[in-house]
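So the chains spell out like this:
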There are 4 protein chains.
Amino acid sequence: MASKREAVKQKKKERIIEAAVKVFAQKGFYTANVKDVAQAAGVADGTIYLYFKNKDDLLISLFEHKMKNILLRFEEALKDISDPLDQLKTFIHVYFELIENDTELSGVFQVELRQSSKFLKDYHNQQFSNYLNMIARILDEGKKINFFRPEMDTNIAKIFIFGAIDEVARQWILGRDAKYSIKEAAEQSCDNIVKGLLAF
Amino acid sequence: MASKREAVKQKKKERIIEAAVKVFAQKGFYTANVKDVAQAAGVADGTIYLYFKNKDDLLISLFEHKMKNILLRFEEALKDISDPLDQLKTFIHVYFELIENDTELSGVFQVELRQSSKFLKDYHNQQFSNYLNMIARILDEGKKINFFRPEMDTNIAKIFIFGAIDEVARQWILGRDAKYSIKEAAEQSCDNIVKGLLAF
Amino acid sequence: MASKREAVKQKKKERIIEAAVKVFAQKGFYTANVKDVAQAAGVADGTIYLYFKNKDDLLISLFEHKMKNILLRFEEALKDISDPLDQLKTFIHVYFELIENDTELSGVFQVELRQSSKFLKDYHNQQFSNYLNMIARILDEGKKINFFRPEMDTNIAKIFIFGAIDEVARQWILGRDAKYSIKEAAEQSCDNIVKGLLAF
Amino acid sequence: MASKREAVKQKKKERIIEAAVKVFAQKGFYTANVKDVAQAAGVADGTIYLYFKNKDDLLISLFEHKMKNILLRFEEALKDISDPLDQLKTFIHVYFELIENDTELSGVFQVELRQSSKFLKDYHNQQFSNYLNMIARILDEGKKINFFRPEMDTNIAKIFIFGAIDEVARQWILGRDAKYSIKEAAEQSCDNIVKGLLAF
DNA sequence: AATGAATGAGATTTCATTCAT
DNA sequence: CATGAATGAAATCTCATTCAT
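As the structure is a computational prediction, the values presented were derived from the model and not from experiment. (Residues numbered from 1 in each chain as written. Chains lettered and ligands numbered in written order. Predicted model: local features only at pLDDT ≥ 70, side-chain atom pairs only at ≥ 80, totals over all residues. Heavy atoms only, no water.)

Chemist: Teacher, can you tell me more about the overall build of chain A here?
Modeler: Within chain A, the secondary structure is distributed over 10 helices and zero strands. The N-to-C order of helical and strand elements in chain A reads α-α-α-α-α-α-α-α-α-α. Counting every position in chain A, which comprises 200 residues, the buried fraction comes to 54%. Within chain A, counting contacts between residues at least 6 apart in sequence, those at least 24 apart form 70% of the total. Total accessible area computed for chain A in this model is approximately 9,200 Å², and 52% of it derives from carbon and sulfur atoms. (Helix = DSSP H or I, 4+ residues; strand = E, 2+ residues; numbered from the N terminus. Buried < 20%, exposed > 50% of the residue type's maximum accessible area, 1.4 Å probe, protein only. Contact = heavy atoms within 4.5 Å. Areas by Shrake-Rupley, 256 points an atom, 1.4 Å probe, with all protein chains shown as cover.)

Chemist: Please explain the pattern of salt bridges as it appears in this structure.
Modeler: Any two side chains of opposite charge can pair, given that their charged atoms come close. Enumeration over the complete set of coordinates arrives at 40 salt bridges over all chains. B:Glu18 serves as the salt-bridge partner of B:Lys66, at 3.3 Å between the closest nitrogen and oxygen. Of this pair, B:Lys66 sits in helix H4 (residues 55-78) while B:Glu18 is found in helix H1 (residues 2-27), placing the two residues 48 residues apart along the sequence. On the basis of relative accessible area, B:Glu18 is assigned to the partly exposed category, the value being 34%. With a closest N to O distance of 3.1 Å, C:Lys79 and C:Glu76 form a salt bridge. The structure contains a network of salt bridges with shared partners spanning A:Glu76, A:Lys79 and A:Asp80. (Salt bridge = Lys/Arg side-chain N within 4 Å of Asp/Glu carboxyl O.)

Chemist: How should I be thinking about unusual backbone geometry in this particular structure?
Modeler: The phi angle of most residues is negative, glycine excepted, and most peptide bonds adopt the trans form. All names here are of chain A. Notably, Asn146 is not glycine yet its phi reads approximately 60°, a positive angle. Among the secondary structure elements, Asn146 is positioned in the loop between helix H8 (126-144) and helix H9 (154-174). Take Asn146: its relative accessible area is 61%, and that puts it in the exposed class.

Chemist: Any chance you could explain the protein's contact with DNA strand E here in plain terms?
Modeler: Close contacts around DNA strand E come from 31 residues, with B:Thr47, B:Tyr51, D:Lys12, D:Thr47 and D:Tyr51 the closest. Taking the atoms of DNA strand E that fall within 4 Å of the protein, sugar and phosphate contribute 74% of them. A distance of 3.0 Å separates a phosphate oxygen of DNA strand E from a polar atom in the side chain of A:Lys55. With respect to DNA strand E, the backbone of B:Ala44 contributes an N or O atom lying 3.2 Å from a phosphate oxygen. Looking at the surface near DNA strand E, the elements with two or more residues in it are helix H3 (45-51) of chain A, H1 and helix H3 (45-51) of chain B, helix H3 (45-51) of chain C together with helix H1 (2-27) and helix H3 (45-51) of chain D. Considering each element in turn, the surface near DNA strand E owes the most residues, five residues, to H3(B). Its residues assigned to classes, the surface near DNA strand E comprises 14 nonpolar, 10 polar and seven charged. (Near = heavy atom within 4 Å. Polar contact = N/O pair within 3.5 Å; in protein donor to acceptor, adjacent residues only side chain to side chain. Nonpolar A, V, L, I, M, F, W, Y, C, P; charged D, E, K, R; others polar.)

Chemist: Sorry, what's going on with helix H5 (residues 84-101) of chain D here?
Modeler: When the terminal C-alpha atoms of H5(D) are compared, their 25 Å separation across 18 residues agrees well with the 26 Å that a helix rising 1.5 Å per residue should span. Burial in H5(D) covers these residues: D:Pro84, D:Leu85, D:Gln87, D:Leu88, D:Phe91, D:Ile92, D:Val94, D:Tyr95, D:Phe96 and D:Ile99. (Expected span 1.5 Å × (residues − 1).)

Chemist: Looking at this model, I keep getting lost on the packing of aromatic side chains. Mind explaining?
Modeler: The description of an aromatic ring pair rests on the distance of the ring centres and on the angle between the ring planes. Under the defined criterion, the tally for this structure stands at 37 aromatic pairs over all chains. For the pair A:Phe74 and A:Tyr131, a centre-to-centre distance of 5.8 Å together with 50° between the ring planes defines the contact as tilted. Separated by 57 residues along the polypeptide, A:Phe74 in helix H4 (residues 55-78) and A:Tyr131 in helix H8 bring together distant segments of the chain. Across this residue pair, the class does not change: A:Phe74 and A:Tyr131 are buried. On the basis of an interplanar angle of 80° and a centroid distance of 5.1 Å, the ring pair of C:Phe24 and C:Phe29 is categorised as edge-to-face. When its relative accessible area of 2% is taken as the criterion, C:Phe24 is described as buried. Of the residues examined, C:Phe29 reaches a relative accessible area of 1% and is grouped as buried. Grouped by ring-pair contacts, the aromatic residues A:Phe24, A:Phe29, A:Tyr30, B:Phe24, B:Phe29 and B:Tyr30 constitute a single cluster. The ring of A:Phe29 carries the charged tip of A:Lys55 above its face, separated from the ring centre by 4.7 Å. (Phe/Tyr/Trp six-rings, centres within 6.5 Å; stacked < 30°, edge-to-face > 60°. Lys NZ or Arg CZ within 6 Å of the ring centre and 35° of its normal.)

Chemist: Help me understand the nonpolar core, please; the structure alone is not making it clear to me.
Modeler: Side chains of a nonpolar character, in soluble globular proteins, are inclined to be buried together. In this structure, A:Phe24, A:Phe96, B:Phe24, B:Phe96 and B:Tyr131 are the most contacted members of the largest nonpolar core, which totals 132 residues. One finds C:Leu71, C:Leu132, D:Val43 and D:Ala164 within the second-largest nonpolar core, a separate group that totals 109 residues. (Core = buried A, V, L, I, M, F, W, Y, C linked by side-chain atoms within 4.5 Å.)

Chemist: Just checking my understanding: could you explain helix H10 (residues 182-195) of chain A for this structure?
Modeler: Each α-helix turn comprises 3.6 residues. Residues three or four places apart therefore point the same way. With 14 residues, H10(A) extends 20 Å from end C-alpha to end C-alpha; this agrees with the ideal 20 Å at 1.5 Å per step. For H10(A), every residue scored as buried is listed here: A:Ile182, A:Ala185, A:Ala186, A:Gln188, A:Ser189, A:Cys190, A:Asn192, A:Ile193 and A:Val194. Contact partners of the buried residues in H10(A): helix H5 (84-101) and H9 of chain A together with helix H9 (154-174) and helix H10 (182-195) of chain B. Following H10(A) by one or two positions, A:Gly196 adopts a phi angle in the positive range, close to 75°.

So, in structure tokens, the structure goes:
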């Protein structure tokens, strides 16, 4: 009985999160009202505050909740791959797939989360670190077997790689200068990372 | 006389823009108040409205203005270099120098890309396009002389490169996971872009 | 059966009233939430509305109920005393004893008199009148037998006495300027009332 | 110029305070809206927040502001009186005069200030202490010249006296059980305090 | 041109009350 | 009877913008 109620409660919380993703993606975090989210979720304004401390908390919770799933998705995809190069390629492809399959969520992650000092500065994000460190681990292994350049700094490279694919993805979402498909984006990004620019 | 007055006027406008860069970079566009900008600029709230139509206009003007300067700086640095590879390396080093000398500058890119929601979604910043296209031009030339991989998509690569160095710079500013110097950042970034990860 | 259920019902109602006295005394009527009272009473929010029409009604019921008990306690203490002076002294000592044994009780008077605004301005608490009139009756008897000053207005004096001992008690509870024991408070108050300030 | 502007500013602040006194007296602090006060003061809602941090601050400022004047009034009245008994009598008469001449203010002091734990508990009020100590000083002098009972505790008596006259005044304002004039109230209170109840 | 006090629309948040379970 | 999740009206407060000086 209690578990059922718990389940119902969880369902409503998720409904609100889904609504928030949609609304924040469309209007932006600051431009969107709590009322908008409530309406989209089909609940009363006050109900939001039964599940989240305030509007900021809604954004943070949204992030935590979704990020957990994303990390799982990565781990799932990588767990049977041993070659670091394959791992890296898979990582990148999964990344762009995630973006493609949930554009709205991506919009929130890519655009909205960034604009709040809460996330970029104050709120030291464990999940984000986890994410970066997934890349670092792959790079370290690649160096160990002499596949990757030994003088390459994995600490810088993990950020480099994240920044690169993140931006390619963002511009695809914003649809500005980006007149390319996700597939192209993934493959080109792979090549750029692995081979670099040089032709030789 | 009129030109002098014009100059004074221009000076105040710039003072406001500098203040806005600082304040928006620090607090974010929505979290920052017009009052904050006014205070930082040492003018009255109302004065801002003599130079800018509204808060949004201030943000847009800020981009245009700053980007123009940044572009000039790049052009200056690149004008005597003919080799595309040298151009690219110079571009990257100049970029990190700019960031190092004006930390808040990176906020301009930040803001440009991340405050996008609502009104910026449509607003297409020509200057930012110009910036990206500077990279593209270098890449195209490199391809033409068979220095860069022929199958590399310059349109994606320009974004890829911008994203990569921008993120490495940003993490350096935030000082979080980034325990590296600007010099290292620039060199590692160069190598990553040019050589890629592979050791061979 | 019905009577037992009645008793149980009564018990819960009292539990809510006790909780309300505590909570209102501590946080003030307007600052306290119905939820607070419910929690303190160990019932659900909605349960309160099975016993009281609304929050206002809870406050009013609280007075009536508590005052009835207080009056009973006084009547019990006074019933075998005939001398008005002894009656008055006893009244005062009982008052301070009541306060000492049930600190929150003073909140009842507090609330009664100070939360008056709006709805309580009209609401005339009969029990409180009864309480004041107990004092008046003692004073009248004292005048009748020429013990108390004939020109003394019992109507004013009853309020005077109530106000004096109530404030001394309240400051004792707050423990601010009041660095005295309840016993001292009672005795000093007695003397002040009976003898006045003059030394002769 | 600056002083004139300062004066205008001060005037508006006072206008808001006057309005707040009126509104709070009539509707009670919690029942009254900031909007009500703004309307009564003839300013916009937001204007209130230019002069006061928040609604609570308005109440506190009101208290501080008015209390200062009241204390001055007392000092003025007492400064040429040397006899402690006369001082005490004057004090009491001035007190009731103040109440009579500004009923609304009294309402706020008497009823509204009391109901907020902010004032009774958290906010240790210097002005209120000053006020109580005025009484204490008179009492001490009266004891020194053997006019007042030597065993009388001035620390308790000051609270006793304050409570007594405060309550007599409050009931006059509430107009409940108090069917007496302010003049009677003052004289009866004086006699009660000075002579006590006994006839002798 | 510059100021900054004033405005008031609008956003977030609270909480008494209801009602399906 | 009891519950407590849900409601939504209403209150406080913020802040971009205006305008008299």
